[in-house]
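Residues per chain are reported as follows:
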Amino acid sequence: MKPTQKLRELRQSLWLDNISREMLEKGILKRYIDEFSISGLTSNPTIFDHAIAHSHFYDKSIVELSSRGLEGEELFFKLAIDDLQRAADLFLPIHEQTSRKDGWVSLEISPLLAYDAEKTLLEAKRLHEAFQRPNLFIKIPGTKEGLPAIEEAIFEGVSINVTLLFTPEHYKGAAEAYMRGLERRLSKGLPLDTVFSVASLFVSRWDKATMNIVPGSLKNKLGIAIAKKTYKIYRDLLDSDRWNLLAHKKANPQLLLWASTGTKDPQASDILYVKNLIAPDTINTMPEETLLAFADHGQIGEILPRDGGDAQYILAQYRQLGIDDQVLGQRLQKEGAEAFINSWKDLLSSLKQKSSLLKSF
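Please read all numbers here as calculations on a predicted model, not as lab measurements. (Residues numbered from 1 in each chain as written. Predicted model: local features only at pLDDT ≥ 70, side-chain atom pairs only at ≥ 80, totals over all residues. Heavy atoms only, no water.)

Student: Looking at this model, I keep getting lost on helix 3 (residues 28–36). Mind explaining?
Tutor: Every α-helical turn comprises 3.6 residues, leaving residues that sit three or four positions apart pointing alike. For helix 3, every residue scored as buried is listed here: I28, L29, Y32, I33 and F36. Projected down its long axis, helix 3 carries its buried residues within an arc of 145°, all on one side. Where helix 3 is buried, its residues contact helix 1 (3–9), strand 1 (12–16), helix 2 (21–25), strand 2 (38–41), helix 6 (72–97) and helix 14 (288–297). Taken from the residues just after helix 3, S37 is the one with a positive phi, measuring 60°. (Buried < 20%, exposed > 50% of the residue type's maximum accessible area, 1.4 Å probe, protein only. Helix = DSSP H or I, 4+ residues; strand = E, 2+ residues; numbered from the N terminus. Arc of directions from axis to C-beta. Contact = heavy atoms within 4.5 Å.)

Student: Looking at this structure, I do not really get the pairing of strand 1. What am I missing?
Tutor: Most of strand 1 sits inside the fold, with five of its five residues counted as buried. Neither face of strand 1 is left uncovered, since the one carrying Q12, L14 and L16 and the one carrying S13 and W15 both have all their residues buried. Direction of pairing for strand 1 relative to strand 8 (residues 282–286): parallel, over a ladder of five bridges. Considered in strand 8, the bridge of L14 is made with N284. Of the strand pairs in this sheet, strand 1 and strand 2 are connected by two bridges, and their pairing is parallel. In the sheet register, L16 faces strand 2, and the bridge partner there is L41. (Pairing = 2+ DSSP bridges.)

Student: Where do I start with the pattern of salt bridges in this structure?
Tutor: Once their charged atoms are close, side chains differing in charge can pair, the charge on each being opposite to the other. Within the structure shown, the criterion is met by 26 salt bridges. The shortest N-O distance in the salt bridge between R21 and D83 comes to 2.7 Å. Here R21, found in helix 2, pairs with D83, found in helix 6; they are 62 residues apart in sequence, far enough to count as distant. Note that R184 and E152 form a salt bridge whose closest N and O atoms lie 3.0 Å from each other. With R184 in helix 9 (residues 168–187) and E152 in helix 8 (residues 146–155), the pair connects residues that are 32 residues apart, well separated along the chain. The class of R184 is partly exposed, set by a relative accessible area of 27%. (Salt bridge = Lys/Arg side-chain N within 4 Å of Asp/Glu carboxyl O.)

Student: I tried to follow the packing of aromatic side chains on my own but got confused; where do I start?
Tutor: The description of an aromatic ring pair rests on the distance of the ring centres and on the angle between the ring planes. Within the structure shown, the criterion is met by 12 aromatic pairs. Seen in terms of ring centroids, Y171 and Y234 are 6.2 Å apart; in terms of plane orientation they differ by 80°. Their pairing is edge-to-face. Pair noted here: Y171 is in helix 9 and Y234 is in helix 11 (residues 222–238), with a separation of 63 residues, a long-range link. Among the residues examined, Y171 registers a relative accessible area of 1% and is labelled buried. For the pair Y178 and W243, a centre-to-centre distance of 6.5 Å together with 25° between the ring planes defines the contact as stacked. Taken together, the positions of Y178 in helix 9 and W243 in helix 12 (residues 241–248) put the pair 65 residues apart, joining distant regions of the chain. Exposure remark for W243: the relative accessible area of 5% places this residue in the buried category. Through a chain of ring-to-ring contacts, three or more aromatic side chains come together here, namely W15, W104, F137 and F196. For the cation-ring pair, R126 lies above F77, with the distance from its terminal atom to the ring centre recorded as 5.7 Å. One residue, R184, lies across the ring of F155, its end atom 4.2 Å from the ring centre. (Phe/Tyr/Trp six-rings, centres within 6.5 Å; stacked < 30°, edge-to-face > 60°. Lys NZ or Arg CZ within 6 Å of the ring centre and 35° of its normal.)

Student: I keep staring at the UniProt feature "active site" (unreviewed entry) in the chain and nothing clicks. Help me out?
Tutor: Those residues carrying the UniProt feature "active site" (unreviewed entry) are K139 in this numbering. Along the polypeptide, K139 turns up in strand 4 (residues 136–141). The residues touching K139, leaving out its near neighbours within four places in the chain, are T42, S43, N44, S106, L107, E108, I109, N161 and T163. A distance of 2.9 Å separates the side chain of K139 from the backbone oxygen of S43, its partner in a polar contact. (UniProt positions renumbered as here; feature names shortened; annotations may be inferred. Polar contact = N/O pair within 3.5 Å; in protein donor to acceptor, adjacent residues only side chain to side chain.)

Student: What am I meant to see in the environment of I138 here?
Tutor: One can find I138 in strand 4. For I138 and E123, which are 15 residues apart along the polypeptide, the C-alpha to C-alpha distance reads 9.4 Å.

Student: Would you mind going over the layout of surface pockets with me for this structure?
Tutor: Any empty space left between the atoms is revealed when a probe the size of a water molecule rolls over them. In this model, the largest pocket occupies a volume close to 910 Å³. Elements with a minimum of two residues in the lining of the largest pocket: helix 2, helix 4 (45–53), strand 5 (160–165), strand 6 (197–202), helix 10 (204–210), strand 7 (255–259), helix 14 and helix 16 (325–359). Tallying contributions element by element places helix 16 first for the lining of the largest pocket, with six residues. Reported here for the second largest pocket is a volume of approximately 350 Å³. Forming the walls of the second largest pocket are 19 residues, and the residues nearest its centre are S13, K101, D102, L255 and D281. Elements with a contribution of two residues or more to the lining of the second largest pocket: strand 1, strand 6 and strand 8. Counted by class, the lining of the second largest pocket contains eight nonpolar, six polar and five charged residues. (1 Å grid on protein atoms, 1.4 Å probe; cavity = no way out; pocket = protein on both sides within 12 Å on 5 of 7 lines; lining within 4 Å. Points joined across faces, edges and corners; volume = space filled by probe spheres on them. Nonpolar A, V, L, I, M, F, W, Y, C, P; charged D, E, K, R; others polar.)

So this is what it looks like as structure tokens:
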């Protein structure tokens, strides 16, 4: 059995953190589904910027759509939705076979709205309606301003991938927003089993941020410790009376998703955040190179301990070095939001340049 199949046997879903029209046109995504048990897909502005700027697979569509007056964000979302609809169709059999629990694709709203709850909600509803497929997650950042939009979106029946979570407290905030949305649906007599969510915890950026300020014995351990601590909170929540009441009414659990799982340290294992984050009822969305590495020489490590294992001990060692994970987590979320804004601006700039260039031919 392939390493990727073994993860599936352990009830962990493998998603691909990448998409491009080239992957769709050449059948690469279909092959990953068939050969590597990939059962979902995530995207973000950086991924689309790279896909559009570094290939000619979008040129014909850009010319056609530009001639119809589309530009800027409107042009981008048309291109992105076209790609993600094709991907969603590939995952639809998995979506149906798993009673909608798997087989999802994710589309991020404009990062410029990360700190505006009202506009975030309006955009989430607009994209959800425009997509016309059952297996779309709208990605909303789990910022303080994003949480009310997440709650309202869940209440209104829009399935959400909560992104940019870094700390266990960020995760808990996302989980509570999801449950509040479900509880409001329940109070109005609305069905709970039609709404889904995942909570995306970013892992590798912790280790990148501390790579040059900790001794070798602590390198590349902070992200996994944060994940272990979050996993304990996740399991505790699923065992809570509050959740059991919702589950009894057929609510779907908000699954914990490991994001940013590509290794940043060239001296570390290229499958570091795959082999060390194996846990049932979770998802690992990984970059293409990480997927291929794990498929080639993957190792199945220990299953994440239900109680968080050595997480508190590792975190205490970092604190002794003056690294406050609460402060750092807030900084990482802020930097993550800013990075997506910069990628968004780069993406729109690339589209504008490409449209102008193609018009000249």
